[in-house]
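# Survey of secondary and tertiary structure
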Amino acid sequence: MYELLAEPRREVAVSIPLRRDNGEVEVLRGFRVQHNLSRGPTKGGLRFSPDVSIDEVRALAMWMTWKCALLDVPYGGAKGGVRVDPRKYSTAELERITRRYTSELAHVLGPESDIPAPDVGTDQQTMAWMMDTYSVNRGRTTLGVVTGKPIALGGSVGRADATSRGVVHVALEALKVRGISTHQATAAVQGFGKVGRGAARFLSEASVQVVAVSDQYGAIYAPHGLDVPGLEAHVDRTGSVVGFAGSEPIAAKEDLLLLDVDLLIPAAVEGVITAANAGDVQARIIVEGANGPTTTEADVILNNRGCLVVPDILANAGGVVVSYFEWVQANQSYWWSARDVAERLESRMLAAWTRVYDHAESRNLTLRSAATSLAVQVVADAHRQRGLYP
Ligand code: NAD
């Protein structure tokens, strides 16, 4: 079973010839990995980043398998990537890249086979191009082939901030089990993008004091709490959290991770809490908004220090839960209200939190081991019950 689950079921690598706006042609590399097909179609984001590699896509695809299993979403995991820095390409070039990538992979995509979603460097416009390309080639509009679409094209209300909402649902539960009241709690959030920004907003709406945030340009600190709506307006105006009135800069932005706060939410990139800095992390609770922000060595150090780490496959699963809701709505052409989406998301996140927390308590495991073992068990059971063909 270990060997079966350790290997992705399918890996596709494609080359993407791109005509640049100046007439030159360059060839990009793209990947799609489908890690597990035992519980339903595969699901996972598409990433545009200069660092994309087959190994990274493989790891992210496997994470998606566990995330879906843990949240009781009937999918296996997948992930896609194109090795490209989207900031260096025009909108028209990004559209051509997306459409060619989709065409090259059309034979493995589909609402019943593999359903992409946005990830780092892609957004709802990317998903609209993918849906259109797939649909035109099939001769019929197929809304369920991607999630994270614009609302006008069958996107779900509540998808855009679903990951952040989920992060905050479990963060508030973690505060409860550690006996910290929300009114006294302080938080630091690394990353102010799709996940971090919403997490900061929902935390402050829940009366948690967000004392520090960062982005790729720098970090800011306000000991008595940042005015998050004001900060969002500042970011919309200037493109960064840096220079927000009423805050002081943190000289090295990574030092945000070491602040004396109750809650630390890494919501930027992977591998930021490492063996080198984990010993200096003072936060009582870490809720992993990003995928893989804590290295394996750092995880051991944090646990030895008594820090409660809520693992990524639980903490940031709100996005895939509402992606699932979007797919269900698209397949039925029946759209839910914002309240329906929010309530069903909350109930799934809290149910998963309770399953993981109870399993960890009863077996004396970390939340990461508990979450992973529960998820692996679900997938292993599906394999056993289906049997081995032929
Ligand atoms: P994003 O591109 O919208 O935002 C990333 C943010 O991190 C930006 O504010 C960027 O400036 C900042 N950043 C980058 N490098 C940084 C650094 N060194 N220090 C501080 N800030 C830095 O991406 P996102 O969608 O918010 O994704 C963030 C993480 O969450 C990724 O690991 C992603 O895989 C994961 N995730 C996202 C979703 C989702 O629904 N978007 C769901 C699950 C997991």
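Residues numbered from 1 in each chain as written. Predicted model: local features only at pLDDT ≥ 70, side-chain atom pairs only at ≥ 80, totals over all residues. Heavy atoms only, no water.

When helices and strands are counted, the chain shows 12 helices and 12 strands. Relative to a compact globule of 390 residues, whose C-alpha radius of gyration would be 21 Å, the chain shows 21 Å and is just as compact. Its C-alpha atoms put the chain at 55 × 55 × 40 Å along the principal axes. Within the chain, the fraction of its 390 residues that count as buried is 55%. Restricting to contacts in the chain with at least 6 residues of sequence separation, those with at least 24 account for 67%. A total of about 17,000 Å² of accessible surface is found on the chain, and carbon and sulfur atoms cover 50% of it. Taken as two groups, the 40 positive and 44 negative side-chain charges of the chain have centres that lie 6 Å from each other. (Helix = DSSP H or I, 4+ residues; strand = E, 2+ residues; numbered from the N terminus. Rg over C-alpha atoms; globule rule 2.2 N^0.38 Å. Buried < 20%, exposed > 50% of the residue type's maximum accessible area, 1.4 Å probe, protein only. Contact = heavy atoms within 4.5 Å. Areas by Shrake-Rupley, 256 points an atom, 1.4 Å probe, with all protein chains shown as cover. Lys, Arg positive; Asp, Glu negative; His and termini not counted. Charge placed at Lys NZ, Arg CZ, Asp CG, Glu CD.)

The next point concerns the site of the ligand. The ligand sits among 20 residues. The nearest are T163, K194, V195, Q216 and N291. With respect to the ligand, the backbone of K194 contributes an N or O atom lying 2.9 Å from an oxygen atom. N291 has a polar side-chain atom sitting 2.9 Å from an oxygen atom of the ligand. When isolated, the ligand has an accessible area of 840 Å², and the protein chains bury 84% of it. Taken together, the residues that form the shell around the ligand break down as 5 nonpolar, 9 polar and 6 charged. (Near = heavy atom within 4 Å. Polar contact = N/O pair within 3.5 Å; in protein donor to acceptor, adjacent residues only side chain to side chain. Nonpolar A, V, L, I, M, F, W, Y, C, P; charged D, E, K, R; others polar.)

Another aspect to go through is the sheet that holds strand β12 (residues 308–310). With respect to topology, 7 strands assemble into an open sheet ordered β9-β8-β7-β6-β10-β11-β12, the strand pairing being mixed. Every interior strand has two partners, whereas the edge strands, β9 (248–250) and β12, have only one. Ignoring strand direction, the axes of neighbouring strands in this sheet form an average angle of 20 degrees. As judged from the 3 bridges shared by strand β8 (residues 218–221) and β9, these two strands associate in the antiparallel manner. Note that in β9 the partner of Y221 across the bridge is E248. (Pairing = 2+ DSSP bridges. Axes fitted to C-alpha atoms, helices over the stretch in contact; angles between N-to-C directions.)

Attention now moves to the domain arrangement of the chain. Here the domain parsing of the chain yields domain 1 (2–153) and domain 2 (162–315). Averaged C-alpha coordinates put domain 1 and domain 2 at centres separated by 28 Å. With 12 residues of domain 1 at the contact, the number on the domain 2 side is 8 residues. For the pair domain 1 and domain 2, the summed buried surface comes to about 830 Å²; carbon and sulfur atoms form 52% of the total. Contact with domain 2 buries surface across domain 1, with W63, K67 and L70 losing the most and accounting together for 50% of the total. Taken together, the connections running from domain 1 to domain 2 amount to 1 salt bridge. The closest approach of N and O atoms between E270 and R47, which form a salt bridge, is 3.5 Å. In this structure, the connection of domain 1 to domain 2 is made through 2 residue pairs in polar contact (both at pLDDT 80 or more). Ranked by residues supplied to the side of domain 1 that touches domain 2, first place goes to helix α2 (residues 54–70) with 6 residues. By residue class, the composition of the side of domain 1 that touches domain 2 is 5 nonpolar, 1 polar and 6 charged. (Domains from an automatic or database assignment. Buried area = accessible area lost by both parts, 1.4 Å probe. Salt bridge = Lys/Arg side-chain N within 4 Å of Asp/Glu carboxyl O.)

If a probe the size of a water molecule is rolled over the atoms, the empty space left behind becomes visible. Size it by volume and the second largest pocket reaches roughly 510 Å³. M62, W63, W66, R368 and T372 are the residues nearest the centre of the second largest pocket, which is lined by 19 residues in total. Looking at the lining of the second largest pocket, the elements that each hand over two or more residues are α1 (2–6), α2, α8 (296–304), α9 (312–315) and α12 (367–386). Looking at the lining of the second largest pocket, its residues break down into 11 nonpolar, 5 polar and 3 charged. In this structure, the lining of the second largest pocket is formed jointly by two domains, domain 1 (2–153) and domain 2 (162–315), each of which donates at least three residues. (1 Å grid on protein atoms, 1.4 Å probe; cavity = no way out; pocket = protein on both sides within 12 Å on 5 of 7 lines; lining within 4 Å. Points joined across faces, edges and corners; volume = space filled by probe spheres on them.)

Moving on: the pattern of salt bridges. Opposite charge on two side chains permits them to pair, given that their charged atoms come into close proximity. Here the structure, examined in full by the defined rule, presents 29 salt bridges. Between R20 and E26 there is a salt bridge; the shortest N-O distance is 3.2 Å. The residue E254 makes a salt bridge to K253 at a minimum N-O spacing of 3.5 Å. The exposure class assigned to E254 is partly exposed, which follows from its relative accessible area of 42%. Salt bridges sharing partners connect three or more residues here, namely R47, E56, K79, D119 and E270.

Now for the nonpolar core. Ranked by size, the top nonpolar core spans 69 residues in total, and within it L203, V213, L231, V287 and V310 carry the most contacts. Here this core takes 8 residues from helix α11 (residues 338–363), the largest share from any one element. Both domain 1 (2–153) and domain 2 (162–315) contribute no fewer than three residues apiece to this core. Apart from residues lying up to four places away in sequence, V287 is in contact with V167, V170, A171, L263, L264, I265, P266, V310 and A315. Listed in part, the 23 residues of the second largest apolar core include L18, Y101, V108 and Y134. (Core = buried A, V, L, I, M, F, W, Y, C linked by side-chain atoms within 4.5 Å.)

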